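Listed below are the residues making up each chain.
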Amino acid sequence: MSRVCISRSIRILQRKTTPSQWSQNMKFTSRSQPMNTIILFVPQQEAWVVERFGKFDRVLNPGLNFILPIVDKIKYVQSLKEVASEVPEQAAVTSDNVTLGLDGVLYTKVFDPYKCSYNVENAEFAIKKLAQTTMRSEIGKITLDTVFREREVLNVNIVDAINKASEPWGISCLRYEIRDMTLPHRIQEAMQMQVEAERKKRASILESEGIREAEINVAEGKKKAKILNSEAFKIEQINIANGEAEAIRAMAEAKARAVSQVSEAISKQNGMNAVAYSIAEQYVDAFGKLAKTNNTVILPANSGDVGGMVAQAMTVYKNLASMDQLKTEQASIPVRPTENIKSGPEE
């Protein structure tokens, strides 16, 4: 029972000496150290630095720990959690002489409680000032346009520079984020004008590209229309030529049939009389059309003698028919081969 009472009294004493607000308010270290109660319970994610006779002895890890009374003393209490610290706003000048107002958030963590306790007096103050000076140095290396385009690269460079400087302090910078960026009023107006000019430029380019595309489409449409018209005209001419050829062929076939019918009619009885009648009729018809289509008229000497004209036409026809018949008879006579006569010596 006595042991249980002693352990309860130790816990109550630790709660009184280490309130809950103590761990929340402190950043890296705390000046209100817990009392030496011989038996100590170190919270998770904390490291207690113990000194013996004013000299560093050891670091108490989370859990149950025992220390000697009077000779041992808890000098520093370090939080091993990740801590977010606000970096106050400051002025920085870019390489193109533009003044910016910048503030940010710094995320740090203690990785070595011994270095954080003995190598730096005020770790929080030191890391904030280091972040401010590093940010001014990195901003001075780049132009204003680069700050907007490469903010992520700027954050990485600041973290690398802080880690190189804070390594002896036992503090690691996990990341740095630029929160707000304030520009002079004139610079803001100039940037706004630049944005408007860029948008007008893009609008003009898009409009010109639209006009160009429209003209190209119109030209291509006219080209295709001309091609289609020429192809249509070509097909039309081919169709007309085919039609004329078919018409000529049909007329020739009709004339051939008419001639064959006329020849058959002539070979019949009274066929010559019909031919004479037809010639006389055509003669009268042609004589009636004289002087209607031309001013120059050529008349035969005996234009009034219709019978003579018919007799003359029949005489021409008979001569042609007799010549045709003679050619047909000559073609039908077979040709006899000539005999070869050999001359021999007289006996």
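Note that the structure is predicted; figures quoted are calculated from it, not measured.

1. Brief notes about the sheet that holds strand E7 (residues 99-110)
Then, in step 1: What the three strands build is an open sheet, ordered E6-E7-E8; its pairing is antiparallel. Looking at strand neighbours, the two that pair on one side only are strand E6 (83-93) and strand E8 (171-182), the edges of this open sheet. Going from strand to strand, the sheet's axes swing by 25° on average, the running direction of each strand aside.
Then, in step 2: Inspection of the sheet shows E6 paired to E7 by nine bridges, in the antiparallel sense. Opposite Ala 91, over in E7, you have Gly 101 as the bridge partner.
Then, in step 3: Along the sheet, helix H4 (residues 123-139) contacts E6, E7 and E8; its crossing angle with E6, the most-contacted strand, is approximately 40°.

2. With respect to the nonpolar core
Then, in step 1: If you look at the biggest cluster of nonpolar residues, it comprises 32 residues, and the most contacted ones within it are Leu 100, Leu 102, Leu 106, Ile 162 and Tyr 176.
Then, in step 2: At the level of elements, E6, E7, H4, helix H5 (144-149), helix H6 (151-166) and E8 are the ones that each hand at least two residues to this core.
Then, in step 3: Broken down by element, the residue count for this core peaks at seven residues, all from H4.
Then, in step 4: Once residues lying within four places of it in the same chain are set aside, the contact partners of Leu 102 are Pro 88, Glu 89, Gln 90, Ala 92, Met 135, Ile 139, Ile 178, Asp 180 and Met 181.

3. Some details on the packing of aromatic side chains
We describe a pair of aromatic rings using the distance from one ring centre to the other and the angle between the two ring planes.
Then, in step 1: In the structure shown here, the tally under the stated rule is four aromatic pairs.
Then, in step 2: Ring geometry for Tyr 76 and Tyr 118: centres 5.5 Å apart, planes at 80°, overall edge-to-face. Linking Tyr 76 in strand E5 (residues 72-79) with Tyr 118 in helix H3 (residues 113-118), this pair joins segments that are 42 residues apart in sequence.
Then, in step 3: A residue is classified by how much of its surface remains accessible, and Tyr 76, at 14% relative accessible area, is buried.

4. Remarks on the sheet that holds E5
Then, in step 1: With antiparallel pairing, three strands are arranged side by side in an open sheet as E3-E2-E5. The open sheet is flanked by strand E3 (55-60) and E5, the only strands paired with a single partner. When the angles between neighbouring strand axes are averaged without regard to direction, this sheet yields 30°.
Then, in step 2: One ladder, built from five bridges, connects strand E2 (residues 46-52) with E3; its direction is antiparallel. Looking at the pairing, Arg 52 lines up with Lys 55 of E3.

5. Describing the confidence of the model for the chain
Then, in step 1: For the chain, per-residue confidence averages 78 on the pLDDT scale, and residues scoring 70 or more make up 69% of the total.
Then, in step 2: For residues 1-7, every residue scores under 50 in pLDDT, and the model assigns this stretch zero contacts once sequence neighbours within four places are set aside.

6. Digging into H6
Then, in step 1: Over its 16 residues, H6 runs 22 Å from end to end, which matches the ideal 22 Å to within 8%, given 1.5 Å per residue.
Then, in step 2: Listed as buried for H6 are Leu 154, Asn 155, Ile 158, Val 159, Ile 162 and Ser 166. Across the axial projection of H6, the buried residues extend over an arc of 135°, all falling on one side.
Then, in step 3: In this structure, the buried side of H6 is in contact with E7, H4 and E8.

7. Focus on H4
Then, in step 1: Taking 1.5 Å of rise per residue, 17 residues should cover 24 Å, and H4 covers 24 Å from first to last C-alpha, within 8% of that figure.
Then, in step 2: For H4, the elements touching its buried residues are E6, E7, H3, H5, H6 and E8.

8. Here we look at a nonpolar patch on the surface
Then, in step 1: On the surface, Phe 41, Leu 64 and Phe 66 cluster together to form a nonpolar patch covering roughly 300 Å² of accessible area.
Then, in step 2: Tracing the sequence through the fold places Phe 41 in strand E1 (residues 39-42).
Then, in step 3: Looking at Phe 41, the relative accessible area reads 33%, which means it is partly exposed.

Quick notes on the rules
Residues numbered from 1 in each chain as written. Predicted model: local features only at pLDDT ≥ 70, side-chain atom pairs only at ≥ 80, totals over all residues. Heavy atoms only, no water. Pairing = 2+ DSSP bridges. Helix = DSSP H or I, 4+ residues; strand = E, 2+ residues; numbered from the N terminus. Axes fitted to C-alpha atoms, helices over the stretch in contact; angles between N-to-C directions. Contact = heavy atoms within 4.5 Å. Core = buried A, V, L, I, M, F, W, Y, C linked by side-chain atoms within 4.5 Å. Buried < 20%, exposed > 50% of the residue type's maximum accessible area, 1.4 Å probe, protein only. Phe/Tyr/Trp six-rings, centres within 6.5 Å; stacked < 30°, edge-to-face > 60°. pLDDT = per-residue confidence, 0-100. Expected span 1.5 Å × (residues − 1). Arc of directions from axis to C-beta. Patch = residues over 30% accessible without salt bridge, like charges linked within 9 Å, V, L, I, M, F, W, Y side chains within 5 Å. Areas by Shrake-Rupley, 256 points an atom, 1.4 Å probe, with all protein chains shown as cover. Salt bridge = Lys/Arg side-chain N within 4 Å of Asp/Glu carboxyl O.

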